[in-house]
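Structural characterization, general
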Amino acid sequence: MASSHPYFNLPDFTQPSPPSTPPSLPSNQRFRPSDVTKGLLVALLGGGLPAGFVGPFSRMAYQASHLPSLELLICRCLFHLPIALLLKLRGDPLLGPPDVRGRACLHAILNVLSIGCAYSAVQVVPAGNAATVRKGSSTVCSALLALCLESQGLSGYDWCGLLGSTLGLIIIVGPGLGTLQEGTTGLYTAMGYVLAFLGGLALSLGLLVYRSLHFPSCLPTVAFLFGLVGLVGSVPGLFVLQTPVLPNDPLSWSCVGAVGILALVSFVCVSYAVTKAHPALVCAVLHSEVVVALMLQYYVLYETVAPSDIMGAGVVLGSIAIITAQNLSCEKEEKKEEE
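Notes on the structure follow. Just so it is clear, the structure is predicted and the values come from calculations on it, not from any experiment.

Things to note about helix α2 (residues 69-78)
Most of α2 sits out of view: nine of its ten residues are buried. Where α2 is buried, its residues meet α1 (35-65), α4 (101-122), α8 (218-241) and α9 (250-273).

Overview of the environment of Y210
For Y210, the position within the fold is in helix α7 (residues 184-211). A C-alpha to C-alpha distance of 9.3 Å links Y210 and L106, two positions 104 residues apart in sequence. Filtering out sequence-adjacent residues up to four positions away, Y210 remains in contact with H107, C218, L219, V222, S271, V274 and T275.

Notes on the packing of aromatic side chains
Scanning the model with the defined rule gives three aromatic pairs in all. Ring centres of Y298 and Y299 lie 5.0 Å apart, and the angle between their planes is 85°; on these two criteria the pair is classed as edge-to-face.

Some points on empty space enclosed by the protein
Applying the stated criterion across every chain, the model contains two cavities of 30 Å³ or more. Taken as a whole, the largest cavity spans an internal volume of roughly 420 Å³. Considering the residues around the largest cavity, the lining is formed by 32 residues, among which A51, R76, I115, R134 and K135 are closest to the centre. Among the elements of the structure, α1, α4, α5 (127-150), α7, α9 and α11 (288-299) are those that each provide at least two residues to the lining of the largest cavity. Sorting elements by how many residues they give to the lining of the largest cavity places α4 first, with seven residues. Of the pockets and cavities examined, the second largest cavity occupies roughly 40 Å³. If you trace the second largest cavity, you find it lined by S58, A61, Y62, L67, P68, S69, L72, Y119 and Q123. Of all elements in the fold, only α1 and α2 reach the threshold of two or more residues within the lining of the second largest cavity.

Remarks on the state of the cysteines
In the structure shown here, the tally under the stated rule is zero disulfides. Here C77 stays free of any disulfide, with the sulfur of C75 as its closest cysteine sulfur at 9.2 Å.

Observations concerning unusual backbone geometry
Here the phi dihedral of H66 falls at roughly 50°; this positive angle occurs in a residue that is not glycine. As for its placement among the helices and strands, H66 is situated in the loop between α1 and α2.

Looking at the nonpolar core
Residues L73, Y119, L213, F226 and V282 are the most contacted members of the largest nonpolar core, which totals 55 residues. Where this core is concerned, the elements lending two or more residues are α1, α2, α3 (83-90), α4, α7, α8, α9 and α10 (279-285). Those residues in contact with F226 that lie beyond four places of it in its chain are L73, R76, C77, H80, A108, N111, V112, I115 and F267. Of all hydrophobic cores here, the second largest spans 17 residues; its members include V122, A131, I172 and V316.

Comments concerning the pattern of salt bridges
Inspection of every chain in the model, using the stated rule, returns one salt bridge. R90 is the salt-bridge partner of D92, the closest N and O atoms lying 3.4 Å from each other. Under the relative-accessibility criterion, R90 is labelled partly exposed at 44%.

As for α1
With 31 residues, α1 ought to run about 45 Å at 1.5 Å a step, and its terminal C-alpha atoms sit 44 Å apart, in line with that. Maximum bend of α1: about 30°, positioned at A43. Just beyond α1, the residue with positive phi is H66, at close to 50°.

What counts, and where the lines are drawn
Residues numbered from 1 in each chain as written. Predicted model: local features only at pLDDT ≥ 70, side-chain atom pairs only at ≥ 80, totals over all residues. Heavy atoms only, no water. Buried < 20%, exposed > 50% of the residue type's maximum accessible area, 1.4 Å probe, protein only. Helix = DSSP H or I, 4+ residues; strand = E, 2+ residues; numbered from the N terminus. Contact = heavy atoms within 4.5 Å. Phe/Tyr/Trp six-rings, centres within 6.5 Å; stacked < 30°, edge-to-face > 60°. 1 Å grid on protein atoms, 1.4 Å probe; cavity = no way out; pocket = protein on both sides within 12 Å on 5 of 7 lines; lining within 4 Å. Points joined across faces, edges and corners; volume = space filled by probe spheres on them. Disulfide = S-S within 2.5 Å. Core = buried A, V, L, I, M, F, W, Y, C linked by side-chain atoms within 4.5 Å. Salt bridge = Lys/Arg side-chain N within 4 Å of Asp/Glu carboxyl O. Expected span 1.5 Å × (residues − 1). Bend = angle between axes of the 7 residues up to and from the residue.

Any link to function would need more than the numbers given here.
Pasting the structure below:
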């Protein structure tokens, strides 16, 4: 009778209660980075950081054996040709589907022009400054072209990051442009900066063309076409415009091999990233290449790095942090709204 009384129907506090476990969220509600965030991270870690080594290694190869820029471009293109085996194994056409073959070849031509201009610029101006001008022009041109041709808008934080990264590049290059020497040396230096700018413009056009390609084997196809078009255009140009050089020291061959591998990794990662994020944001994140190139310029090439270079590099890194944090925060807000 006592046990049925309501006052006796109380929980038994003498027994230990089982530990409470927080309810686990379903797998579809856990935080996952958005496609934009994935693209920016791939561009940062796989595109910008490896590319930062390409410029200094190219300059080292030139200083060691006076390796011409077109010959270096040929060596890089050779690393892209084995991708043809992957396309053959998958049964895909080497040049892509007939309806997009023209745009795929245009993408390859623009990338070859961009890389050729970059390698030529590195031989007459410091590697860090050449990378700075190329990445800065690619960012500005990508933003303008995307707004004009694709009608893609950017948030206020994204514009802040773009303007900040461009300001950092101006801080790096500005003092050098204001002290160009007169005569032949100054003319070659100015031409180097012009080539770097044209390389950035060609890069931004190539990224927009790549975003318009939609077929299953798009990435390996454009990578193979880059190597094929680069060889077809560079081999005749090497014998007409420059003098071929056969390096006879291990340092030059090591630099050439490193340039080919790192450039291939960067090419693939940037091509993937631009399908996930805005081209201007991808180019802005690729400014990390400038910071890496400046560090190698100082510690490996023993070239002077001015205080303005360090200040500009800090502004660039801060801008990249703003862009990345903005996209991460937007993804978190979207997840909360879905829940």
